[in-house]
Amino acid sequence: MNVFIIQTVIMLILAFVIFYLIIYNKSLKIERRISKYGIESISKKEVSIFDLLYNHYHKLTGKISKMLKKSSVMVKYSQKYNKYISYDNEKDIAAIDFVSNKLTICLLFILIISFARIIEGVIPSILDILASGLIGFFLLDIYFKFSDYVKKRQVEQELLNAIIIMNNAFRSGRSTIQAIEIVSHELKGPIKQEFKKMHLEISYGLSLDVVFDRFSKRVESEEVSYITSSLSILNKTGGNIIKVFSSIEKMLFNKRKLKQEMKSLTSSASMISKILLFMPFVFVLFITLLNPSYFAPLINTTTGNILLCVMILIYTLYAFVVSKIMKVRF
């Protein structure tokens, strides 16, 4: 009875929202039709429904951030998100805002799964709430891990160009801070933001090897680590920075050339390994389409569950071994 009442309330709310959207859409059509015969105001104060929702969401996360700032544990936890703040947005966003966004997304996921369960006529269990909450809380971390991978690839592709620009700047008599500033203006993408940060850090008085060490920790790339160690040795023992950057440039060029050669040589083997990895899923899909109940014993029986776990374990081990065999380190 209680579930029926909740379902009725939710249906009424949905009906009200749909009715409001229909009326709002009709009013927009009428406004467009009448606007042909009128003069538009110089200052428009209309806000779209998506902007309105975003503004409310931004205010909500701002209030949560103010509450979280009072907790030293949350402030310490949020420090790991500092590296995701870009140079252009450092005045508009703080690390604690990422934690408040995670909590808001967690709450939204819990509301969505609860709403779905109530629509089905079932009261959401504690397991449903915990699972949806954990997925929502760590969804932002998964996105950042993926963006870190993409950023790392983009930085590695543009790193050689950055070293070439810096080396040419040193040969023309420019200082270190001027060379880094030139790179931040000439290149685009994530490496532009990183060199802007490096330029700012050097202007604050940090040494070149410390700045590149911080850059290496943010990007976590072997090539950047090699540059950092070279500059650290240069800073301690002294030497010609032009020769050092020339050797770094030569090393990066040879490494990229070797990577391209290895990629062309192992392309056929890599394609075969990927096909073999996807073949079990294609096989299961075709068998399920032909006979939907064929794999039912694997799910409905205890022996089938054990066999399914063993097959997943063997497949995971196979994928791990293949990835290790196909990976070539330079």
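The structure presented is a predicted model; accordingly, all values stated were derived computationally and were not measured. (Residues numbered from 1 in each chain as written. Predicted model: local features only at pLDDT ≥ 70, side-chain atom pairs only at ≥ 80, totals over all residues. Heavy atoms only, no water.)

(A) How the structure looks around the side chain of Asn101. Relative to the elements of secondary structure, Asn101 occurs in helix H4 (residues 95-120). With residues near it in sequence (within four places) discarded, Asn101 still touches Tyr57, Thr61 and Leu140. (Helix = DSSP H or I, 4+ residues; strand = E, 2+ residues; numbered from the N terminus. Contact = heavy atoms within 4.5 Å.)

(B) Quick peek at H4. Here H4 contains 26 residues, and its C-alpha end-to-end distance of 39 Å stays within 8% of the 38 Å for a straight helix at 1.5 Å per residue. Directly beyond the C-terminal end of H4, a positive phi value near 90° is found at Gly121. (Expected span 1.5 Å × (residues − 1).)

(C) Broad picture of the nonpolar core. Residues Met166, Phe195, Phe212, Phe215 and Ile227 are the most contacted members of the largest nonpolar core, which totals 29 residues. The set of elements that each furnish at least two residues to this core consists of helix H5 (126-171), helix H6 (176-186), helix H7 (190-203), helix H8 (208-219), helix H9 (222-237) and helix H10 (241-265). Looking at this core element by element, the count peaks at 8 residues for H5. Once residues lying within four places of it in the same chain are set aside, the contact partners of Phe195 are Ala162, Met166, Ile180, Val183 and Ser184. (Core = buried A, V, L, I, M, F, W, Y, C linked by side-chain atoms within 4.5 Å. Buried < 20%, exposed > 50% of the residue type's maximum accessible area, 1.4 Å probe, protein only.)

(D) Region of interest: the pattern of salt bridges. Across all of its chains, the model carries 7 salt bridges by this definition. Of the charged contacts in the structure, one is a salt bridge between Arg218 and Glu201, with a shortest N-O distance of 3.4 Å. Note that Arg218 is positioned in helix H8 and Glu201 in helix H7, a separation of 17 residues in sequence. A salt bridge links Lys217 to Asp213; the shortest N-O distance between them is 3.6 Å. A residue pair is termed a helical-turn pair when its members lie 3 or 4 positions apart in one helix, as Lys217 and Asp213 do in helix H8 at 4 residues. For Lys217, a relative accessible area of 59% puts it in the exposed group. (Salt bridge = Lys/Arg side-chain N within 4 Å of Asp/Glu carboxyl O.)

(E) H8, seen in detail. In this model, H8 (12 residues) spans 16 Å end to end at C-alpha, consistent with the 16 Å of a helix rising 1.5 Å per residue. What H8 keeps buried is the set Leu208, Asp209, Val211, Phe212, Phe215, Ser216, Arg218 and Val219. Considering only its buried residues, H8 is in contact with H5, H6, H7, H9 and H10. Immediately beyond the C-terminal end of H8, within one or two residues, lies Glu220, with a positive phi of roughly 60°.

(F) A look at a positive patch on the surface. Positive charge collects at one region of the surface, where Lys59, Lys63, Lys66 and Lys69 lie side by side. Within the secondary structure layout, Lys66 lies in helix H2 (residues 49-68). Take Lys66: its relative accessible area is 63%, and that puts it in the exposed class. (Patch = residues over 30% accessible without salt bridge, like charges linked within 9 Å, V, L, I, M, F, W, Y side chains within 5 Å. Areas by Shrake-Rupley, 256 points an atom, 1.4 Å probe, with all protein chains shown as cover. Lys, Arg positive; Asp, Glu negative; His and termini not counted. Charge placed at Lys NZ, Arg CZ, Asp CG, Glu CD.)

(G) Structural detail: the packing of aromatic side chains. Tallied over the full model, the rule gives 11 aromatic pairs. Between Phe281 and Tyr315 the ring centres are 5.5 Å apart and the planes differ by 90°, which places this aromatic pair in the edge-to-face class. Taken together, the residues span a long stretch of sequence, with Phe281 in helix H11 (residues 267-290) and Tyr315 in helix H13 (residues 302-326) at a distance of 34 residues. On the accessibility criterion, Phe281 (51% relative accessible area) is exposed. (Phe/Tyr/Trp six-rings, centres within 6.5 Å; stacked < 30°, edge-to-face > 60°.)

(H) Inspection of a nonpolar patch on the surface at higher detail. Side chains of Met271, Ile275, Phe278, Met279, Phe281, Val282, Leu285, Phe286 and Leu289 sit close together on the surface and give an oily, nonpolar patch of about 970 Å² of accessible area. Tracing the backbone through its elements, the reader meets Ile275 in helix H11.

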